[in-house]
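Per-entry structural report
What follows is the residue order along each chain.
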Amino acid sequence: RIDLVVGAPFYYSRSEGGAVYLYINSNGKFTKSTRLTGKPESRFGFALGNAGDLNKDGNHDLAIGAPYEDNGVVYIYLGTASGVKETPSQIIRASDLPNEIQNIKTFGYSLSGTHDMDQNGYPDLLVGAYESDATLLFRARPIIDIQTSVSGELSQIDPNREGCKDDPNSKLIQYNFEIYGLFCSSTSLSVKFGSTTDSDTPNIVERDISLRGNDVHSEHCSKEIVYLKDKSDIQNAVMFELTYSLIQKEPRMPTDGETLPDINKLPILNQEEAHRKKVITSRALTFDGYA
């Protein structure tokens, strides 16, 4: 099925400047499903680009240029089976580029996606900057899928029971839970897990996990014991949060003539799964150079 995306960069209102309309192909007829708008005077939608499937969910993603929003901005929208998500997954601003090229103007004037320039299996994006006579390459980073689950004594906590089998001599109320993480990756990675309760003085537990080798499909389990010092409030639920993040340095811009860094060693977390679990994420597209 081939859908249709239409840019209207000269559309304006008091609070908007530029619009993009997505029409879904339904049995050969196009039906408008989504309207996206930009900031005033930005000419949002001046350039449109099929960004390819950046997050490997089976749907093509959309790049939209707004070359007159400051010195230029490119918005990345993730595709879905019914169109695109209306909130951009990534916003690439000319002002956020490395210091060496922050004088770039009309960034996002033209876009060209779907090209796998470094042959790592992910589509890259070329961004044109007309007034600076430049083209910039943004390479897509490999996606890491981490699926988490929690099990244990979570349904009911007996306020009259002290200790547990792992610490039977304790005089405090306790309960146990186990954190499971399933890692799916085609590259080596290091992950930091953290869990914390919602009390005034939470106990933060962190674990660093290193996985090496290709085609990593590994499960990690961590068992934690929680001690409750105050048993006066037995009505409200005990809340805790699980977070995880990759342990790695952000890539730097190579100097002229320097070999580009191996993008496969700079993966990011699957943003859809990460946002659902309130997890720290990184950028899907990373800048490498311009011509």
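Within any chain, residue numbers begin from 1 and follow the written order of that chain's sequence. Given that this is a predicted model, residues contribute local features only at a pLDDT of at least 70 and side-chain atom pairs are listed and counted only at 80 or more, while totals for whole chains, interfaces and linings are drawn from all residues. Only hydrogens and water are set aside; all other atoms, that is, all heavy atoms of the structure, feed into the side-chain values.

Its UniProt record gives the chain a comment under Sequence similarities (unreviewed entry), which states: "Belongs to the integrin alpha chain family." UniProt positions are given in the numbering used here, feature names are shortened, and annotations may be inferred rather than shown by experiment.

1. Here we look at the environment of Lys29
Helix and strand labels come from DSSP, where a helix needs a run of H or I of at least four residues and a strand needs a run of E of at least two; each type is numbered from the N terminus. With respect to the secondary-structure elements, Lys29 resides in strand 3 (residues 29-37). Think of it in three bands: residues with accessible area under 20% of the maximum for their type are buried, residues over 50% are exposed, and the middle band is partly exposed, with areas taken using a 1.4 Å probe on protein chains only. Overall, Lys29 belongs to the exposed group, its relative accessible area being 64%. Note: C-alpha distance between Lys29 and Asp3 (26 residues apart in sequence) is 9.6 Å.

2. Focus: the sheet that holds strand 4 (residues 47-52)
If you walk across this open sheet you meet the four strands as 4-5-6-9, and the pairing is antiparallel. Bordering the open sheet on either side are strand 4 and strand 9 (90-93), each of which pairs with just one other strand. Sheet twist, expressed as the average angle between the axes of neighbouring strands with direction ignored, equals 20°. Pairing between two strands requires that DSSP report at least two bridges joining them. Where strand 5 (residues 61-66) meets strand 6 (residues 73-77), five bridges bridge the pair, whose relative direction is antiparallel. The partner of Ala66 across the bridge, within strand 6, is Val73. An axis is simply a line fitted to the C-alpha atoms; with a helix, the fit covers only the stretch in contact. Between two such axes, the angle follows the N-to-C directions and lies from 0 to 180 degrees.

3. Details of the environment of Arg93
Examined against the element boundaries, Arg93 turns out to sit in strand 9. Take Arg93: its relative accessible area is 29%, and that puts it in the partly exposed class. Between the C-alpha atom of Arg93 and that of Phe107, which follows or precedes it by 14 residues, the distance is 7.9 Å. Setting aside residues no more than four positions away along its own chain, Arg93 makes contact with Gly72, Val73 and Phe107. Only heavy atoms enter the contact rule, under which two residues are in contact if any of them lie within 4.5 Å.

4. So, the layout of surface pockets
When its volume is computed, the second largest pocket comes out at roughly 390 Å³. Cavity means a closed set of points on a 1 Å grid over the protein atoms alone, one where a 1.4 Å probe fits but cannot get out, pocket means an open set with protein on both sides within 12 Å along at least 5 of 7 lines, and lining means a residue has an atom within 4 Å of a point. Lining the second largest pocket we find 19 residues, and of these Asp3, Val5, Leu22, His60 and Asp61 sit closest to its centre. Listing elements by their share of the lining of the second largest pocket, those giving two or more residues are strand 1 (4-12), strand 2 (17-26), strand 4, strand 5, strand 7 (79-80) and strand 8 (83-84). Looking at the lining of the second largest pocket, the element that brings in the most residues is strand 4, giving three residues. Residue polarity follows a fixed list, in which Ala, Val, Leu, Ile, Met, Phe, Trp, Tyr, Cys and Pro are nonpolar, Asp, Glu, Lys and Arg are charged, and the others, Gly among them, are polar. When the residues that make up the lining of the second largest pocket are grouped by side-chain class, the tally is eight nonpolar, eight polar and three charged. Grid points are joined across faces, edges and corners, and a volume is the space filled by probe spheres set on the points.

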